[in-house]
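Okay, here's what each chain looks like letter by letter:
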Amino acid sequence: MQSPVPTFAHSLKALSAILKKAEASCAAQKIDPAVMAVQRLYPNMLPLTRQVLITCDHAKGAAARLSGTENPSFADTETTFADLQARIQKTLDFIATVPESAFKDAETRVINWKAGSREMSMPGAAYLSFYALPNFYFHMTTAYNILRHNGVEIGKVDFLGA
């Protein structure tokens, strides 16, 4: 299997750039960044901060599980834009340590993990295609949509990254 790390890294860098635009937008519009950080699309959805953390968790979890590497535990205490930037960087730093060679035969390796209270198991190719990538992009898209909905001037080019 080809390493998914470049895909995750590219999109995490795009998410970082989007968050920088959001912080600048807050300053320009005199909006308290703490208010933006807790925005959500609907009352029963997770706020921006959790969307970013979960995006990072899916990137590091997939890189770790598919490579057979220990999945580091992050505390989920981030509340500010600076905290979120640090979390993205910590995720980028971790996934950069996983060598391409670690993904050899990952497509057939059985991946076991816990999702909430459910025990999950599937071959690596299915895990990446049907669980890790969709969840990664779901939460990244939701973070983008929260910011866009709240007036941050971002578009598809920002989401896709440089």
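Not measured: the values here are computed from a predicted model.

**Some words on the overall build of the protein chain**
Along the backbone of the protein chain there are 6 helices and 2 strands. What you see in the protein chain, going N to C, is helices and strands ordered as α-α-α-α-β-β-α-α. Its C-alpha radius of gyration of 16 Å places the protein chain within 12% of the 15 Å reference for a compact globule of 162 residues. Dimensions of the protein chain, computed from C-alpha atoms along their principal axes, come out at roughly 50 × 35 × 25 Å.

**Concerning the pairing of strand β2 (residues 118-123)**
Two strands pair when backbone bridges link them, and strand β1 (residues 110-115) and β2 are joined in this way by 6 bridges, in the antiparallel orientation. Bridge pairing links V110 to P123 in β2. What sits between β1 and β2 in their antiparallel hairpin is a turn of 2 residues, with G116 showing a positive phi close to 65°.

**Brief notes about the pattern of salt bridges**
The tally for this structure, following the rule as stated, stands at 6 salt bridges. For D76, the salt bridge is made with R50, and the minimal N-O distance between the two is 3.4 Å. You can see D76 sitting in the loop between α3 (48-67) and α4 (81-96) and its partner R50 sitting in helix α3, a full 26 residues away along the chain. The shortest N-O distance in the salt bridge between E78 and R87 comes to 3.1 Å. With respect to class, E78 is no different from R87; both count as buried.

**Let's talk about the packing of helix α1 (residues 5-29) against α4**
Angle between the axes and distance between the axes are the two parameters that describe a pair of packed helices. With their axes 10 Å apart at the nearest point, α1 and α4 run at an angle of 165° to one another. The angle between α1 and α4 falls in the class roughly antiparallel. Seen along the crossing, α1 lies across α4 with a hand that is left-handed. Where α1 abuts α4, its residues V5, F8, A9, L12, K13, L15, S16, L19, K20, A22, E23 and C26 lie against F81, L84, Q85, I88, T91, L92 and I95. Here the residues of the contact of α1 with α4 sort into 13 nonpolar, 3 polar and 3 charged.

Procedures and definitions
- Residues numbered from 1 in each chain as written.
- Predicted model: local features only at pLDDT ≥ 70, side-chain atom pairs only at ≥ 80, totals over all residues.
- Heavy atoms only, no water.
- Helix = DSSP H or I, 4+ residues; strand = E, 2+ residues; numbered from the N terminus.
- Rg over C-alpha atoms; globule rule 2.2 N^0.38 Å.
- Pairing = 2+ DSSP bridges.
- Salt bridge = Lys/Arg side-chain N within 4 Å of Asp/Glu carboxyl O.
- Buried < 20%, exposed > 50% of the residue type's maximum accessible area, 1.4 Å probe, protein only.
- Axes fitted to C-alpha atoms, helices over the stretch in contact; angles between N-to-C directions.
- Parallel < 35°, antiparallel > 145°, perpendicular 65-115°, else oblique.
- Left-handed = near helix turned anticlockwise from the far one by under 90°.
- Contact = heavy atoms within 4.5 Å.
- Nonpolar A, V, L, I, M, F, W, Y, C, P; charged D, E, K, R; others polar.

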